[in-house]
Amino acid sequence: MELWKKRAIKTAVAVVSLIFVSSFVYHYVMITVEGRSPSYFNSLRAVVETYTGTGYGADSPWDTPVANILVTVMDLSTFLLVFIILPYVFQPVLSEVLSPEVPESTEKTGHTVICGYTERTRKLVEEFENRRIEYVVVVDDEERTIELVEEELSVVHGDPSSAEALRRANVGEAKSVVVDTDDSESASVVLAVKEVNPGVRVIVLVRDTSLEKYLKYAGADTVLTPRHLLGKRIAERIEAEVRPRLTDSVDIGGDYGVVELSVMDESPVCGKTLGESGLLDYPDMTVSAVWKNGEFVPAPSPETPLGSHTSLLVTGHKESLREMEKLVYTVDTEARVVVAGFGEVGSTVIENLRFADTDCAVIDLEEIEGVDIVGDATEEEVLREAGIEEATAFVSTVQDDDVAILSVLVARELVSDIDVIARVNHSENENKARRAGADYVLSLPDISGRMLASEVLREEILSYDRQLKMVLVGGKEYAGKRLGDTRLAETDRVVVAVRRDGDVITEVDHEFVFEEDDGIFVAGTDEKMDEVVGAKTA
């Protein structure tokens, strides 16, 4: 029976009972206190008139205080009937009418089913929306389902670990399944997916790297650990800075690569313009873009200032890139790194740095093995105790973005020339971290979304673990066109190189004309890169 009907029956019984009890009490007061001799039905009529507000007939006025108090109480009870009981009965009806319908199934085929919905899979959904790729999200919380419906996302309400719910999401006709639930539930979800469709490709996101082999036992095709990759990437970034021989480049074919370089206060090129720095003197190398305070500037001019905390995106021959790293970075063989936070990301950073014989100090709120300083990384005394004033780099990997941003702010205030690296859990906080003083910011949702897109869409995303996203697109759409006449020349993205007939071309200006068989390397922000790939697949 519907909820409102159950409530209506309960309310009717309660109101009738109240009227009869009140009428008996009223009849008793009229006889014993007021000294009158009305019939019971006369008393019943008076009570009904009182509760309905239609009057008192011949019974008013009353002479005794007891009778007047009784009638006053019954008058006040009328408000209870109007303002409490009626909403109690009709609230379910209004909710059902005004709330959107909770979807329980889908008829989609050839789609991707996403089990669970977090900040990580939100980035994947955004990519799907931009590219008009069919998907459906399965969540077990009804309120969350309604929220996603209101956001106009494709969603089915159900338990992702239930084969019945997965059938309603049409997993049997799905192209792939992404599992983004709690680690403790992921194996159950994979088993349920394989029960419905043994041949479907299953990609699982987990925090605990030790679960990988068990999930593959359950039937997972790919197990991704973005936090582990993020920590490894941060360690590589630091090692590339303090020891330039460890070139941190993305391979784009042959002997060519793309590298991100950060300019610090102590850098030999800090305070100079791009032309004065000598970075443009290498014939087989191009400074493709500059990233400063959250602003992406493609094809910077020689007059572009290279201030502190500026990042450069450079394309060229790998040997030249090694030389450029030495020109930008000051080699510090006695590097010391302070890491705030000892979770999955922080512990991975420490593991990789110590493997490379880099001196590290770990700050965490909990006293556990591996932590050197127990305390709050937003407090100056704690950072000083960890040796921040002698450190080469400060890495903030704490869980809370607000705490991470504050720790960056304090570290930058204490040491102006230190390299500051931050991890954030919400993409919208990236620019806040940069404004607080971070030289290098990595967003866990962005990296997770890129990893998922690379696995689900089987496309070549070349740099899903960098600040910027870089992809390889075909030249067919742009054949015969100048770069300046295409969408590739728009703001927040840049063509860093073109692969043609086995060669890599790094000098790509607005007059460059594409050919059909070209491979075009494009870098930029996630949103702008999604537009490029989305246009290709739409």
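The notes below deal with the structure included here. Being a predicted model, the structure only gives us computed values, none of them experimental.

1. A few points about the sheet that holds strand S1 (residues 112–115)
Thought 1: Strand order in the open sheet formed by 6 strands is S3-S2-S1-S4-S5-S6, with parallel pairing between adjacent strands. Each edge of the open sheet is held by one strand with a lone partner, namely strand S3 (155–157) and strand S6 (222–224). Averaged over all adjacent pairs, the angle separating strand axes in this sheet is 20°, with direction ignored.
Thought 2: With 3 bridges connecting them, strand S2 (residues 135–139) and S3 associate as parallel partners. The residue bridging valine 139 from the neighbouring strand is histidine 157, located in S3.
Thought 3: Helix H5 (residues 142–150) contacts S2 and S3 of the sheet and is inclined by roughly 160° relative to S3.
Thought 4: Across the sheet, helix H16 (residues 444–456) is in contact with S1, strand S4 (176–179), strand S5 (201–205) and S6; its angle to S5 comes to roughly 170°.

2. Some thoughts on the pairing of S2
Successive side chains on a regular strand alternate, one facing one side of the sheet and the next facing the other.
Thought 1: Burial runs high along S2: 5 of the 5 residues are buried.
Thought 2: The alternating pattern of S2 places Tyr135, Val137 and Val139 on one face and Val136 and Val138 on the opposite face, and all of these are buried.
Thought 3: Once the chain exits S1 it traverses helix H4 (residues 119–131) before rejoining the sheet at S2, and the crossover so formed is right-handed.

3. Side note on the nonpolar core
Thought 1: Judged by nonpolar contacts, the single largest core of 42 residues is most densely connected at Ile114, Val137 and Ile234.
Thought 2: Of the residues forming this core, the biggest block, 6 residues, is contributed by H16.
Thought 3: Apart from residues no more than four positions distant in its own chain, isoleucine 234 is found in contact with Val345, Val349, Val395, Thr397, Ile421 and Leu442.
Thought 4: Judged by nonpolar contacts, the second largest core, of 28 residues, contains Val415, Ile418, Val420 and Ala433.

4. Concerning a negative patch on the surface
Thought 1: Residues Asp140, Asp141, Glu142, Glu143, Asp159, Asp182 and Glu185 make up a contiguous surface patch of negative charge.
Thought 2: For glutamate 142, the location among the structural elements is in helix H5.

5. Points about the sheet that holds strand S19 (residues 493–500)
Thought 1: Pairing within the open sheet is antiparallel, and its 4 strands lie in the order S18-S21-S19-S20. One side of each edge strand has no neighbouring strand; the edge strands of this open sheet are strand S18 (469–474) and strand S20 (503–505). On average, each strand axis in the sheet is inclined to that of its neighbour by 25°, with strand direction left out of account.
Thought 2: By the bridge criterion, 6 bridges tie S18 to strand S21 (residues 519–524) in an arrangement that is antiparallel. Pairing of methionine 470 across the sheet is with alanine 523, part of S21.

6. Focus on the pattern of salt bridges
When charged atoms on two side chains of opposite charge get close, those side chains can pair.
Thought 1: On inspection of all chains with the given rule, the structure shows 24 salt bridges.
Thought 2: In this structure, a network of salt bridges that share partners links the residues Glu119, Arg122, Lys123 and Glu126.

7. As for H4
Thought 1: Under the 1.5 Å per step criterion, the end-to-end length of H4 is 19 Å for 13 residues, consistent within 8% with the ideal 18 Å.
Thought 2: Of the positions making up H4, those classed as buried are Arg120, Thr121, Lys123, Leu124, Val125, Glu127, Phe128 and Arg131.
Thought 3: In the stretch just after H4, arginine 132 is the one whose phi turns positive, near 60°.

8. Concerning H5
Thought 1: Residues of H5 that are buried include every one of Thr145, Ile146 and Leu148, and no others. Projected down its long axis, H5 shows its buried positions confined to an angular sector of 160°, all on one face. Those residues of H5 that are exposed and aimed more than 90 degrees away from the buried face are Glu143 and Glu150.
Thought 2: Each element contacted by the buried residues of H5 is listed here: S2 and S3.

9. Observations regarding the environment of alanine 14
Thought 1: Relative to the helices and strands, alanine 14 is located in helix H1 (residues 3–32).
Thought 2: Taking the C-alpha atoms as reference points, alanine 14 and isoleucine 85, separated by 71 residues in sequence, lie 9.9 Å from one another.

10. Digging into a nonpolar patch on the surface
Thought 1: A cluster of nonpolar residues, Leu76, Phe79, Leu80, Val82, Phe83 and Ile84, forms a patch on the protein surface that exposes about 620 Å² of accessible area.
Thought 2: Mapping leucine 76 onto the fold places it in helix H3 (residues 65–98).

So, how was this worked out
- Residues numbered from 1 in each chain as written.
- Predicted model: local features only at pLDDT ≥ 70, side-chain atom pairs only at ≥ 80, totals over all residues.
- Heavy atoms only, no water.
- Pairing = 2+ DSSP bridges.
- Helix = DSSP H or I, 4+ residues; strand = E, 2+ residues; numbered from the N terminus.
- Axes fitted to C-alpha atoms, helices over the stretch in contact; angles between N-to-C directions.
- Contact = heavy atoms within 4.5 Å.
- Buried < 20%, exposed > 50% of the residue type's maximum accessible area, 1.4 Å probe, protein only.
- Right-handed = clockwise from strand over helix to strand, strands pointing away.
- Core = buried A, V, L, I, M, F, W, Y, C linked by side-chain atoms within 4.5 Å.
- Patch = residues over 30% accessible without salt bridge, like charges linked within 9 Å, V, L, I, M, F, W, Y side chains within 5 Å.
- Areas by Shrake-Rupley, 256 points an atom, 1.4 Å probe, with all protein chains shown as cover.
- Salt bridge = Lys/Arg side-chain N within 4 Å of Asp/Glu carboxyl O.
- Lys, Arg positive; Asp, Glu negative; His and termini not counted.
- Charge placed at Lys NZ, Arg CZ, Asp CG, Glu CD.
- Expected span 1.5 Å × (residues − 1).
- Arc of directions from axis to C-beta.

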